Amino acid sequence: MMNSDTIAALASAPGMGAVALVRVSGPDAFTLFGDSLKAVPKSLSAVADYPDRQAVLARLLDADGEIVDEVLATCFHGPRSFTGEDVVELACHGGVLVTRRVLERLHELGIRAASPGEFSHRAFLNGKMDLTQAEAIMDLISAQTELGVRAAHEQLQGKLGNQSEQIRTRLIELTAHVEAYIDFPDEDIDPETGDELVNKVDVILAGIDKMLASSEQGRIIREGVRTVIAGEPNAGKSSLLNCLLGYERAIVSDLAGTTRDTVEEVVNVQGIPLRLVDTAGMRETEDVIEQQGVERAKMQLQQADLVLEVVDVSKPHHRAVDAASVQARHHILILNKSDLGEDSSWAEVEGVRISCKQDHGVDELGNVIINELSMGEGEWGGHAVAINARHQDCLKRARVSMLAGREALVDGVSSEFISMDLRDAMDSIGEIAGRIDTDDVLDQIFSTFCLGK
Ligand SMILES: Nc1nc2c(c(=O)[nH]1)N(C=O)[C@@H](CNc1ccc(C(=O)N[C@@H](CCC(=O)O)C(=O)O)cc1)CN2
Ligand SMILES: Nc1nc2c(ncn2[C@@H]2O[C@H](COP(=O)(O)OP(=O)(O)OP(=O)(O)O)[C@@H](O)[C@H]2O)c(=O)[nH]1
Ligand SMILES: [Mg+2]
């Protein structure tokens, strides 16, 4: 069992900062130090005697008794620690060489290097947090916007895990009710009870659907919206990218065909991360390099969540982006260069009128984007917890089982079969908080964590 090892890793960023934090966790976290960690206060001889959760000035010594580093050591006596095991945290001097020496010394003492996510994995196995909370830690670290941080914090507090557990509790009650009939094979579920059970199924299904409804928001918060700026050459696509970013990232010129390769940047629009991709203007061309640029633009269009199609509103109506080639669910037409006056052919056309040159209408465009994505405070701000792809998969499977169970109920199928569907649903829901996952699944989830977590 992995938990018999005592492990160590750098918890802070490597090679940076004045102080680096090295975490040691495991059953022998205190004893393995032996005489190698010498507290400055003479009254403290063994690490196990250090006062719980108090920083102690100490010297880490090598095999010859030479100083490896002067550290502040803090002991957390299990189970009251992050992992639930005995933990020693060493606040060392920062710097690549010092921290490397400290880790090497720990390995000499029999403390193994932790793998990515191993601390969180242990915390999970020791019941310190559920799987959604463990996932929230990584979301928190990789959050790109305030909203991302807020959503991760809510999940870390257990909101999502509680929601799924609530559904699971309802399911347990319902299953018990259905299974009460199994012991009496001659007794069918009477119609009145049948209706009552169907209602209960529907309440549970509604709960599942409510959680599922946050999946797009979840993906947007965690990964950002793949936003592709496309249109004909010279329409002002690169100007729009620069406008949204607030600095001159891409080359802008009055020559059609300026942008060749795609240019990618992340921009924060009202708390929502947009992964902006500026592309080459779409046109038939003899230029081989430009042709490749246009090919790349087309490829980007196929992967987009949101397409910002830019046209030059001062010129006669023409659209280079073939609407049929856009698979994105969200598509916004941007009528740029409104400062030059609008050609009458655009009069009836709906879209957002802006001028990148005068920085006019760009804030309004932000509002339109947020509305288009249903990410406004009103729609979204109230319940900042959003599910990830794994949760979505569990919920979808639960949904399928619930629908099968519902059908069986309505058809008056024997309660044994109904109960099997309900139990499948229960298992799928349980996977969200990590109740019944196999070691393989857990290893896979935690291996995506960063080292030291
Ligand atoms: N120095 C340090 N800072 C850190 C962490 C850490 O591990 N070490 N964390 C790592 O991510 C985060 C804090 N998370 C933590 C969560 C729980 C416990 C803990 O000791 N829990 C015990 C005691 C709770 C109590 O006081 O009652 C427990 O759950 O039993 C520690 C850190 C951020 N800052
Ligand atoms: N008057 C006016 N000119 C603009 C506006 N936006 C962009 N331009 C100008 O239009 C020209 C083309 O702008 P770009 O941003 O390079 O256009 P693009 O769509 O990226 O062009 P390609 O990369 O060649 O496909 C530049 O001279 C810009 O200064 C605008 O709102 N008003
Ligand atoms: Mg360009």
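Residues numbered from 1 in each chain as written. Chains lettered and ligands numbered in written order. Predicted model: local features only at pLDDT ≥ 70, side-chain atom pairs only at ≥ 80, totals over all residues. Heavy atoms only, no water.

The protein chain is annotated in an unreviewed UniProt entry as tRNA modification GTPase MnmE of Persicirhabdus sediminis. Its UniProt record, at the heading Subcellular location (unreviewed entry), says of the protein chain: "Cytoplasm". Per UniProt, the protein chain carries the Subunit (unreviewed entry) text "Homodimer. Heterotetramer of two MnmE and two MnmG subunits." (UniProt positions renumbered as here; feature names shortened; annotations may be inferred.)

A.B. asks: Break down the environment of serine 355 for me, with residues and values.
C.D. replies: Counting through the fold element by element, serine 355 comes out in the loop between strand 13 (352-353) and helix 10 (362-372). With relative accessibility at 0%, the residue serine 355 sits in the buried group. Separated by 20 residues in the primary sequence, serine 355 and leucine 335 have C-alpha atoms spaced 8.2 Å apart. Contact partners of serine 355, with chain neighbours within four places excluded, come to Asn336, Lys337, Ser338, Asp339 and His360. (Helix = DSSP H or I, 4+ residues; strand = E, 2+ residues; numbered from the N terminus. Buried < 20%, exposed > 50% of the residue type's maximum accessible area, 1.4 Å probe, protein only. Contact = heavy atoms within 4.5 Å.)

A.B. asks: How would you sum up the site of ligand 1? Please name residues and give values.
C.D. replies: Leu21, Arg23, Arg53, Pro79, Arg80, Ser81, Phe82, Glu89, Lys128 and Lys453 make up every residue found near ligand 1. With respect to ligand 1, the side chain of glutamate 89 contributes an N or O atom lying 2.6 Å from a nitrogen atom. In isolation ligand 1 offers 670 Å² of accessible surface; the protein chains occlude 50% of this area. In terms of residue class, the shell around ligand 1 is built from three nonpolar, one polar and six charged. (Near = heavy atom within 4 Å. Polar contact = N/O pair within 3.5 Å; in protein donor to acceptor, adjacent residues only side chain to side chain. Areas by Shrake-Rupley, 256 points an atom, 1.4 Å probe, with all protein chains shown as cover. Nonpolar A, V, L, I, M, F, W, Y, C, P; charged D, E, K, R; others polar.)

A.B. asks: Account for the coordination of the magnesium ion (ligand 3), with residues named and values stated.
C.D. replies: Protein ligation of the magnesium ion (ligand 3) involves Ser238 (OG) and Thr259 (OG1), the donor distances falling in the range 2.0 Å. On the criterion of sequence distance, the pair formed by serine 238 in helix 8 (residues 237-245) and threonine 259 in the loop between helix 8 and strand 9 (263-269) is long-range, its members being 21 residues apart. Look at serine 238 and you get buried, because its relative accessible area is 8%. (Donors = N, O, S within 2.8 Å, 3.2 Å for Na, K, Ca; no water.)

A.B. asks: How would you sum up the sheet that holds strand 1 (residues 7-10)? Please name residues and give values.
C.D. replies: Strand pairing in a sheet relies on backbone hydrogen bonds. The paired strands run either parallel or antiparallel. If you walk across this open sheet you meet the seven strands as 3-4-5-6-2-1-7, and the pairing is mixed. Every other strand in the sheet has two partners, leaving strand 3 (37-39) and strand 7 (112-113) as the edge strands with one partner each. Packed onto the sheet, helix 2 (residues 118-125) meets strand 1, strand 2 (19-25) and strand 7 and runs at close to 130 degrees relative to strand 1. (Pairing = 2+ DSSP bridges. Axes fitted to C-alpha atoms, helices over the stretch in contact; angles between N-to-C directions.)

A.B. asks: Can you tell me about a nonpolar patch on the surface, naming the residues and giving the values?
C.D. replies: A grouping of Val40, Leu57 and Leu72 is seen on the molecular surface, where their side chains present a nonpolar patch of about 200 Å² in accessible area. Inspection of the secondary structure puts valine 40 in the loop between strand 3 and strand 4 (55-61). Residue classification places valine 40 among the partly exposed positions, given a relative accessible area of 31%. (Patch = residues over 30% accessible without salt bridge, like charges linked within 9 Å, V, L, I, M, F, W, Y side chains within 5 Å. Salt bridge = Lys/Arg side-chain N within 4 Å of Asp/Glu carboxyl O.)

A.B. asks: Run through the packing of helix 5 (residues 159-179) against helix 6 (residues 191-212), naming residues and quoting values.
C.D. replies: Two elements in contact, helix 5 and helix 6, have axes whose closest approach is 10 Å; the angle formed by their N-to-C orientations is 165 degrees. Taken together, the axis directions place helix 5 and helix 6 in an arrangement best described as roughly antiparallel. By crossing handedness, the relation of helix 5 to helix 6 is classed as left-handed. On helix 6, the residues touching Leu160, Gln163, Ser164, Ile167, Arg170, Leu171, Leu174, His177 and Val178 of helix 5 are Thr193, Glu196, Leu197, Lys200, Val201, Val203, Ile204, Gly207, Ile208 and Met211. (Parallel < 35°, antiparallel > 145°, perpendicular 65-115°, else oblique. Left-handed = near helix turned anticlockwise from the far one by under 90°.)

A.B. asks: Please give an account of the UniProt feature "domain: TrmE-type G" (unreviewed entry) in the protein chain that cites residues and values.
C.D. replies: As recorded in UniProt, the feature "domain: TrmE-type G" (unreviewed entry) lies at residues 224-374. Spanning residues 224-374, this segment combines 24% helix with 25% strand, and its end C-alpha atoms are found 14 Å apart.

A.B. asks: Before we move on, could you go through the site of ligand 2 and cite the residues and values that matter?
C.D. replies: Residues in contact with ligand 2 amount to 23 residues; listed here are only the nearest, Lys237, Ser239, Gly257, Thr258 and Asp339. Backbone polar atom of asparagine 234 to an oxygen atom of ligand 2: 2.9 Å apart, as the coordinates give it. At a separation of 2.9 Å, an oxygen atom of ligand 2 approaches a polar side-chain atom of serine 238. The protein chains hide 92% of the 660 Å² of surface that ligand 2 would expose on its own. Ranked by residue count, the leading element in the shell around ligand 2 is helix 8, at three residues. Residues belonging to the shell around ligand 2 are distributed by class as follows: seven nonpolar, 11 polar and five charged.

A.B. asks: Got a sec to walk through the packing of aromatic side chains? Specific residues and values, please.
C.D. replies: Per the stated rule, a full pass over the model turns up two aromatic pairs. The interplanar angle of 55 degrees and the centroid separation of 5.1 Å between the aromatic rings of phenylalanine 446 and phenylalanine 449 together place this pair among those described as tilted. Residue classification places phenylalanine 449 among the buried residues on the basis of a relative accessible area of 6%. Taken together, the ring pairs connect Phe124, Phe446 and Phe449 into an aromatic cluster. Lying across the ring of phenylalanine 119, arginine 23 places its NZ or CZ 4.7 Å from the centre. (Phe/Tyr/Trp six-rings, centres within 6.5 Å; stacked < 30°, edge-to-face > 60°. Lys NZ or Arg CZ within 6 Å of the ring centre and 35° of its normal.)

A.B. asks: Run through the sheet that holds strand 11 (residues 306-312), naming residues and quoting values.
C.D. replies: Strand order in this open sheet of six strands is 9-10-8-11-12-13, and the pairing throughout is mixed. Since the sheet does not close on itself, it has two edges, and those belong to strand 9 and strand 13, each with one partner. Relative to strand 10 (residues 272-278), strand 9 is paired through seven bridges, and the arrangement is antiparallel. By the bridge assignment for strand 10, valine 267 is matched with leucine 274. In the packing of helix 7 (residues 215-223) onto the sheet, the strands contacted are strand 8 (225-231), strand 10 and strand 12 (330-336), and the crossing angle to strand 10 comes to about 70 degrees.

A.B. asks: Account for helix 12 (residues 389-410), naming residues and giving values.
C.D. replies: With 22 residues, helix 12 should reach 32 Å at 1.5 Å per residue; the first-to-last C-alpha distance of 31 Å fits that figure. Within helix 12, burial applies to Arg390, His391, Cys394, Leu395, Ala398, Ser401, Met402, Gly405, Ala408 and Leu409. Summarising the axial view, the buried residues of helix 12 lie within an arc of 140 degrees, below the 170-degree limit, and thus occupy one face. For helix 12, the exposed residues set more than 90 degrees away from the buried face come down to Ala389, Val400, Glu407 and Val410. Looking at the buried positions of helix 12, the neighbouring elements they touch are helix 3 (131-142), helix 4 (146-156), helix 5, helix 6, helix 13 (415-433) and helix 14 (439-447). At the N-terminal boundary of helix 12, the capping side chain belongs to asparagine 388, with an oxygen 2.9 Å from the backbone nitrogen of arginine 390. (Expected span 1.5 Å × (residues − 1). Arc of directions from axis to C-beta.)

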